[in-house]
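These are the residues of each chain, in order.
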Amino acid sequence: MRGKVHKYARDNIDTDVIIPGPYLKIMDHNELAKHAMEGLDREFVKKVKKGDFILAGRNFGCGSSREHAPIALSYAGISAVLALSFARIFYRNAVDGAYLLPIEVGEDAYNGIEDGDELEIDVERNEVRNLSKGKVYAMKPFPPLIKRIVDAGGLFNYTPE
Amino acid sequence: MTITEKILARASNRERVAAGDVVFANVDKVMVHDVSGPGVMMVLRELERRGKRIEKVWDPDRVWIAEDHFVPAVDKIAAENIITLERMSERFGIKKHFRYGMGQYGICHTLSHEEAMVLPGEVYVGGDSHTNTTGALGCFATGMGHTDIAYVLMHGKIWFRVPETLLFKLEGHIPPYIMAKDIILKIIGDNGTDVANYKAMQFAGSAIAEMPMDERFTLTNMTTEAGAKNGIIEPDERTIAYVKERTDRPFKAVKGDEDAEYEEVFTYEVDKLEPIVAKPYSPANIAYARELSSVEIDKAYIGSCTGAKYTDLLEAARMIKGKKAKVRLEVLPASQSIYMRALNDGLLSIFLEAGAVIGPPTCGACCGAHMGVLAKDEVCISTTNRNFPGRMGHVESKTYLASPKVVAASAVTGRITDPRDVVG
């Protein structure tokens, strides 16, 4: 996976800013994508390209259980969110629905990667490569079940042993 | 094992589980509403498009449906979502569907306990983050997105990582000006909005023993704002009586073992608490109500699964009785039955005489949906659970979270007000 990173250097980016409440009644994924990150950055949907990444701080996706949040980001083009940590429902929605990869990174990656950097993510080697700066960071490996669901392409494609 | 571990062990057919284990657990009850239900149906349609035949859900008697977020239908899209729910219950033979305008209905989390849709000891998943609320009955209750809920509808089970438990011991007697809302805001403010991420928050102690059920639900409700997977309280006589008043169905109450392991134990002396308010834009951004007495408000909102149960309305009405609201005051009872009880007991007259508008049971403005959405720079004090940017309307509106007593006291003065400072 390769793309440009959009960095939001803050903690607790909540589902209300990722996709505000009034849009919850909308079920059309492409329509939701038009409003991705609207509560935080109205320019986001204009600058994001297919395959891009988001980088953020702790507790990304806290708040509601709305699956609209990973859906809006995914259909806007985001293929992975890198964060210091994720709120639990956002994490499982992203994985079980196979919308995007939630990737936990350390302070080194969080501080070292800048907005606009070109990244390459290798989930087999658990590496995040900053192509713009020539640096490599470790990502936290997916727990075994999560890796199996990711590899299967979502919970419905996964067969429990 | 803790109560959470014991419930998950039973549901996954194991002798024991420990924090960190990943299990596929059988689900006892599942809920969808007018946001998650249409999402679930979309997932099922996609499965059918890919060739899967879907004739039934795993057990229609374990599924129930609420209409709460955008009701009465806010617009055409909301109306279509309600029709999707109608088709869903008809197609799968789901009998427990609480329809607005047809008797009992209301906010799903309130119905979950008011109607005893979930029983002590059960595993309950809902397509809403505040599903944690129901854990005050002594069940494992957690929120999920619509793909997970669709999976449960098909298979009757879902994966869980068994959570570590944080034990919050609430000791002492609760002063008359303090409500459960003050306690949970204090806990979130002291420990942060991700203290319990992936974990269980369990409440115990002498203050819990004397706390009415409605207040216990406020505690478990806002465990979501601390990131918790579930909030839980071991059932006691009060819990059992509450459930038995509402259903004849048998259940098996579960308690944790004497030697249960808790990741951390926090102790709070509730006698010493002061009324607390969470400032914009985080439930953890707390201050004492008295520190904020210069903050002028435009509106006071009494609503939601957090703050519009019968006890919430009762305490607010006691505070406001015989007085006039100085700002716009909105009251939206959390369910039709609470609305009717508040009507019969005269609470609604107290609010109406104070100048309030009474709205129908709905999530309403709590999630910025309708019924009093905030404009840019508008300031609201609210009994709800979140005050993120744009939560109740414009991204530059400001929501202060507080107990029903503080909200009612503030409505009377037009400023954020400690209930002890309202005279007469």
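First things first, this report covers the structure right here in the doc. (Residues numbered from 1 in each chain as written. Chains lettered and ligands numbered in written order. Predicted model: local features only at pLDDT ≥ 70, side-chain atom pairs only at ≥ 80, totals over all residues. Heavy atoms only, no water.)

**Points about the pairing of strand β1 (residues 2-8) of chain A**
Quick note on the threshold: Any two strands with at least two DSSP-identified bridges between them are counted as paired. Secondary structure counts use DSSP, requiring at least four H or I residues in a row for a helix and at least two E residues in a row for a strand, with both numbered from the N terminus.
Pairing geometry for β1(A) and strand β5 (residues 118-122) of chain A, over three bridges, is antiparallel. Following the sheet pairing, A:K4 is matched in β5(A) by A:E118.

**Remarks on the nonpolar core**
Note the following rule: In these notes, a set of buried Ala, Val, Leu, Ile, Met, Phe, Trp, Tyr and Cys residues joined through side-chain atoms within 4.5 Å is what counts as a nonpolar core. For every residue, the accessible area (1.4 Å probe, protein chains only) is compared with the maximum for its type, and the residue is labelled buried under 20%, exposed over 50%, or partly exposed between those bounds.
Ranked by size, the top nonpolar core spans 148 residues in total, and within it A:F60 and A:L73 carry the most contacts. Within the second largest apolar cluster, 50 residues are counted, among which are B:V35, B:A402, B:A408 and B:V412.

**Quick word on the packing of aromatic side chains**
Note the threshold: Each Phe, Tyr or Trp ring (for Trp, its six-membered ring) is paired with any other whose centre lies within 6.5 Å, and the angle between the two planes then decides the class: stacked below 30 degrees, edge-to-face above 60, tilted in between.
By the definition in use, this model includes 15 aromatic pairs over all chains. Centre to centre, the rings of A:Y8 and A:F44 are 6.4 Å apart; their planes meet at 55 degrees, and the pair counts as tilted. Remark: A:F44 occurs in helix α3 (residues 44-47) and A:Y8 occurs in strand β1; sequence separation between them is 36 residues. Here B:F168 and B:F266 contribute two aromatic rings whose centre-to-centre distance is 4.5 Å and whose plane-to-plane angle is 5 degrees, an arrangement assigned as stacked.

**So, the packing of helix α4 (residues 68-76) of chain A against helix α5 (residues 88-96) of chain A**
Residues and elements named next belong to chain A. What counts, and what does not: Simply put, an axis is a line fit to the C-alpha atoms, just over the touching stretch for a helix, and the angle between two N-to-C directions goes from 0 to 180 degrees. Convention used here: angles under 35 degrees read as roughly parallel, angles over 145 as roughly antiparallel, angles from 65 to 115 as roughly perpendicular, and any remaining angle as oblique. Crossing handedness is read from the near helix: turned anticlockwise from the far helix by less than a right angle, it gives a left-handed crossing, and turned clockwise, a right-handed one. Residues count as neighbours in contact if any of their non-hydrogen atoms are within 4.5 Å of one another. Classes in brief: Ala, Val, Leu, Ile, Met, Phe, Trp, Tyr, Cys and Pro nonpolar; Asp, Glu, Lys and Arg charged; the others, Gly included, polar.
Closest axis-to-axis distance for the α4/α5 pair is 9 Å, and the angle between their directions is 55 degrees. Regarding the angle of α4 to α5, the classification is oblique. In this structure, α4 crosses over α5, and the sense of that crossing is right-handed. Residue-level inspection shows A69, P70 and L73 of α4 in contact with α5, the latter providing F90, N93 and A94. By residue class, the composition of the contact of α4 with α5 is five nonpolar, one polar and no charged.

**Digging into the interface of chain B and chain A**
Put simply, the test is: Put simply, buried area is how much 1.4 Å-probe accessible surface two parts lose in total, over both of them, once they are put together. Between Lys or Arg on one side and Asp or Glu on the other, a salt bridge is scored when a side-chain nitrogen of the former is within 4 Å of a carboxyl oxygen of the latter.
In this assembly, 46 residues from chain B lie in contact with 41 residues from chain A. Here chain B and chain A share an interface that buries about 3,500 Å² over both sides, 60% of which is from carbon and sulfur atoms. Among the residues of chain B in contact with chain A, B:Y151, B:W159 and B:Y198 are the three that bury the most area, contributing 17% of the side total. In this assembly, chain B and chain A are joined by four salt bridges. A salt bridge links B:D194 to A:R58, with the shortest nitrogen-to-oxygen separation between them at 2.8 Å. Elements represented by at least two residues in the side of chain B that touches chain A include exactly β1 (22-26), α2 (36-49), α3 (76-92), β6 (140-143), α5 (146-155) and β7 (157-161) of chain B. Top contributing element to the side of chain B that touches chain A by residue count: α5(B), with seven residues. For the side of chain B that touches chain A, a count of residues per class yields 23 nonpolar, 15 polar and eight charged.

**Observations concerning the side chain of B:S36**
Residue and element names in this part refer to chain B. This is how it is decided: Contacts described as polar in this section are N or O atom pairs within 3.5 Å, which, within protein, must combine one atom able to donate a hydrogen with one able to accept it, while residues neighboring in sequence count only if both atoms come from side chains.
Residue position: S36 is located in helix α2. Relative accessible area serves as the criterion here: at 5%, S36 is assigned to the buried category. Of the polar contacts made by the side chain of S36, one reaches the backbone nitrogen of H33; its length is 3.1 Å. Within the structure, the side chain of S36 is placed 3.1 Å from the backbone oxygen of G127, a separation counted as a polar contact.

**Concerning the environment of B:S410**
All names here are of chain B. Here S410 lies in helix α14 (residues 404-413). S410 gets classed as buried once you look at its relative accessible area, which sits at 0%. The spacing of S410 and K326 is 84 residues in sequence and 8.7 Å in space, taken between C-alpha atoms. With residues up to four places along the chain from it excluded, the contact list for S410 reads I297, I381, R415, I416 and T417. Reaching out from S410, the side chain makes a polar contact with the backbone oxygen of R415 at a distance of 3.5 Å.

**Digging into helix α8 (residues 213-221) of chain B**
Counting buried positions along α8(B) yields nine of nine residues, so the element is predominantly enclosed. Those residues of α8(B) lying buried are B:M213, B:D214, B:E215, B:R216, B:F217, B:T218, B:L219, B:T220 and B:N221.

Remember, this is a structural readout, not a statement about activity or role.
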